[in-house]
Amino acid sequence: MSPPVAPPGWSRWLVPPAALSVHLSIGQAYAWSVFKPPLESALGLSGTQSALPFQLGIVMLGLSAAFGGTLVERNGPRWAMTVALICFSSGFLLSALGASLEQYWLIVLGYGFVGGIGLGIGYISPVSTLIKWFPDRPGMATGIAIMGFGGGALIASPWSAQMLESFGGDSTGIALAFLVHGLSYAVFMLLGVLLVRVPRHAPGAEGTARQAHTGPQVSAKQAIRTPQFWLLWLVLCMNVTAGIGILEKAAPMITDFFADTSTPVSVTAAAGFVALLSAANMAGRIGWSSTSDLIGRKNIYRVYLGVGALMYALIALFGDSSKPLFILCALVILSFYGGGFATIPAYLKDLFGTYQVGAIHGRLLTAWSTAGVLGPLIVNWIADRQEEAGRHGASLYGLSFVIMIGLLVVGFVANELVRPVDPRHHVPAPKEAARVERQQSESA
């Protein structure tokens, strides 16, 4: 499938909606928790078991983005969006079959493994194209698309809950909900497949979609040999670990923090807190990434990591004495979490150019896979150990918050060490770039 080239006069503002149709769909992953209670009840699962499809999905997101990034660059956004559509929708259909037969391994295979591949390919599918269409505002462009991944749960959560209420929370009802998800998302993602275009590189074609490969360019193969790549890997991993540490345990965390106070948090209020965090996650992806176009990528990550550490310190010291302070700090941390995802493609473009930025971005997302395991592990394991020791309330989280502060400081230092890429890593000229790309294609 060759990349569809935009005809003369094609508006670049049609590309972000194409990207959003994919990201809003795959953003359903953040709403997996809606299915956990009915699955546990219908199939007799533990909380750890019911989390497995989500955890495997995030791991496969990072791995498929890393290994599929070069293919996405080579074959273009329409091919990538088509693969994402097939895998993500098929994952739901397999899950529907698993729920109907009460075979949980099929749900893990479908949603976690097959659907996770769709997550990874779909996540990186529009990044390179958006940066080429918006070289003047790459942070804003990628923020618009990646905002959809953060906001997908705002649509999927109430929609899934309503379906489970209508169809029932037994295995048959869950199967029907999975089936509707799979078919509906296939139709919605198809809009992106049909709409997406790559810019023409001829003079005069879409004024701001200028020559894509101007300035220093670095191949994906060469990028992973640079210290800049691994420093950014560390920056992203630390920022995501800090954010997902709150996101994954948000409802029980706010309940625990104020359980021993005169104003305990109800189940409904805790659910509302989770929704607020999702909104902050989504808003941060467009707001902070757009701000990075004005103040620079290194400066915005100084904010994410430095101010994020301060927010964690405030929660640890004063969070249980002030509910507004706890909520405000958590919202800021989650906005940085989302902003970090949306800003990293533009940061990569600044350092490595647009030549294979999608493939480089895919490799960097292995940091997300690592953080997806590390963040929940730190918070949950320490909380369990503290509870076994007889502690309760906010004291369950004190040590994990100190660790998060330390990780954010590590990320801050890594960001300070980022420097321009040494010219010896650059692809020297367009003809040479084509030769290198041909050699990589032959060796793949």
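Below or above, wherever it landed, is the structure these notes cover. (Residues numbered from 1 in each chain as written. Predicted model: local features only at pLDDT ≥ 70, side-chain atom pairs only at ≥ 80, totals over all residues. Heavy atoms only, no water.)

### Here's the deal with the overall build of the protein chain
A tally of helices and strands in the protein chain yields 19 helices and 0 strands. The C-alpha radius of gyration of the protein chain comes to 22 Å, within 12% of the 22 Å expected for a compact globule of 444 residues. The principal-axis extents of the C-alpha atoms in the protein chain amount to approximately 65 × 50 × 40 Å. Pairs at least 24 apart in sequence give 84% of the contacts found in the protein chain among residues at least 6 apart. (Helix = DSSP H or I, 4+ residues; strand = E, 2+ residues; numbered from the N terminus. Rg over C-alpha atoms; globule rule 2.2 N^0.38 Å. Contact = heavy atoms within 4.5 Å.)

### Describing a nonpolar patch on the surface
A cluster of nonpolar side chains, Leu93, Phe167, Leu176, Leu179 and Leu183, forms an exposed patch at the surface whose accessible area comes to about 400 Å². Per-element tally for the nonpolar patch: the top contributor is helix α9 (residues 171-195), with 3 residues. Considering the arrangement of structural elements, one finds Leu183 in helix α9. (Patch = residues over 30% accessible without salt bridge, like charges linked within 9 Å, V, L, I, M, F, W, Y side chains within 5 Å. Areas by Shrake-Rupley, 256 points an atom, 1.4 Å probe, with all protein chains shown as cover. Salt bridge = Lys/Arg side-chain N within 4 Å of Asp/Glu carboxyl O.)

### Structural notes on helix α18 (residues 398-416)
With 19 residues, α18 should cover 27 Å at 1.5 Å per step; its first-to-last C-alpha distance of 28 Å lies within 8% of that length. Taken residue by residue, α18 has Ser400, Phe401, Met404, Leu407, Leu408, Gly411, Ala414 and Asn415 as its buried positions. Buried residues in α18, looked at end-on, bunch into an arc of 130°, giving them a common side. Buried residues along α18 sit against α11 (227-247), α12 (250-257), α14 (297-318), α15 (323-352) and α17 (366-388). (Expected span 1.5 Å × (residues − 1). Buried < 20%, exposed > 50% of the residue type's maximum accessible area, 1.4 Å probe, protein only. Arc of directions from axis to C-beta.)

### So, unusual backbone geometry
The backbone of Glu102 shows a phi angle near 60°, a positive value even though the residue is not glycine. Along the polypeptide, Glu102 turns up in the loop between α5 (77-101) and α6 (104-124). Its relative accessible area of 47% is what places Glu102 among the partly exposed residues.

### Description of the packing of aromatic side chains
Evaluated as defined, the whole model comprises 32 aromatic pairs. An angle of 0° between the planes, with centres 6.3 Å apart, marks the rings of Trp32 and Phe178 as stacked. Separated by 146 residues along the polypeptide, Trp32 in the loop between α1 (15-26) and α2 (36-43) and Phe178 in helix α9 bring together distant segments of the chain. Look at Phe178 and you get buried, because its relative accessible area is 0%. Put simply, the rings of Trp32, Phe35, Phe88, Phe92, Tyr111, Trp159, Phe178 and Tyr185 touch in pairs and so form one group of aromatic residues. The aromatic ring of Trp10 is capped on one face by Arg197, whose charged end is 4.6 Å from the ring centroid. Lying across the ring of Phe258, Lys323 places its NZ or CZ 5.5 Å from the centre. (Phe/Tyr/Trp six-rings, centres within 6.5 Å; stacked < 30°, edge-to-face > 60°. Lys NZ or Arg CZ within 6 Å of the ring centre and 35° of its normal.)

### Thoughts on the environment of Lys349
Looking at the secondary structure, you find Lys349 in helix α15. Sequence separation between Lys349 and Pro216 is 133 residues, and the spatial gap between their C-alpha atoms is 10.0 Å. When residues no more than four places from it in sequence are discounted, the contact partners of Lys349 are Ile131, Pro135, Pro138, Thr354 and Val357.

### Points about the packing of α11 against helix α16 (residues 357-364)
Where α11 meets α16, the axes come as close as 10 Å, and the angle between the chain directions of the two elements is 55°. When the interaxial angle is binned, α11 and α16 end up oblique. As for how α11 packs across α16, the hand of that crossing is right-handed. The residues of α16 that touch α11, namely those facing Phe229, Leu232, Trp233 and Leu236, are Ile360, Arg363 and Leu364. Classifying every residue of the contact of α11 with α16 by side-chain character gives 6 nonpolar, no polar and 1 charged. (Axes fitted to C-alpha atoms, helices over the stretch in contact; angles between N-to-C directions. Parallel < 35°, antiparallel > 145°, perpendicular 65-115°, else oblique. Left-handed = near helix turned anticlockwise from the far one by under 90°. Nonpolar A, V, L, I, M, F, W, Y, C, P; charged D, E, K, R; others polar.)

### As for α16
Burial of α16 is extensive: 7 of the 8 residues sit out of reach of the surface. The set of residues buried in α16 consists of Val357, Gly358, Ala359, Ile360, His361, Gly362 and Leu364.

### Re the pattern of salt bridges
Close approach of charged atoms allows side chains of opposite charge to pair. All told, the structure shown has 8 salt bridges when counted by the stated rule. In this structure, the salt-bridge partner of Asp350 is Arg297, at a minimum N-O distance of 2.8 Å. With Asp350 in helix α15 and Arg297 in helix α14, the pair connects residues that are 53 residues apart, well separated along the chain. Salt bridges linked by common partners bring Arg12, Asp136 and Arg137 together as one network.

### Focus on the side chain of Asn239
Topologically, Asn239 is positioned in helix α11. In terms of polar contacts, Asn239 uses its side chain to reach the backbone carbonyl oxygen of Phe336, at 3.2 Å. If sequence neighbours within four positions are ignored, Asn239 has contacts with Tyr304, Leu305, Phe336, Tyr337, Gly340 and Leu408. (Polar contact = N/O pair within 3.5 Å; in protein donor to acceptor, adjacent residues only side chain to side chain.)

### Side note on the packing of α1 against α9
Where α1 contacts α9, the two axes come as close as 7 Å, and the packing angle between them is 155°. The orientation of α1 relative to α9 falls into the category roughly antiparallel. Crossing hand, α1 versus α9: left-handed. Side by side, α1 and α9 meet where Pro17, Ala18, Ser21, Val22, Leu24, Ser25 and Ile26 of the first sit next to Tyr185, Phe188, Met189, Leu191, Gly192 and Leu195 of the second. Class assignment for the residues of the contact of α1 with α9 results in 10 nonpolar, 3 polar and no charged.

### Comments concerning the environment of Ile405
Relative to the helices and strands, Ile405 resides in helix α18. For Ile405, a relative accessible area of 21% corresponds to the partly exposed category. The spatial distance from the C-alpha of Ile405 to the C-alpha of Arg424 is 36 Å, given a sequence separation of 19 residues. If we ignore the near neighbours within four places in the chain, the residues touching Ile405 are Ala309, Tyr312 and Ala313.

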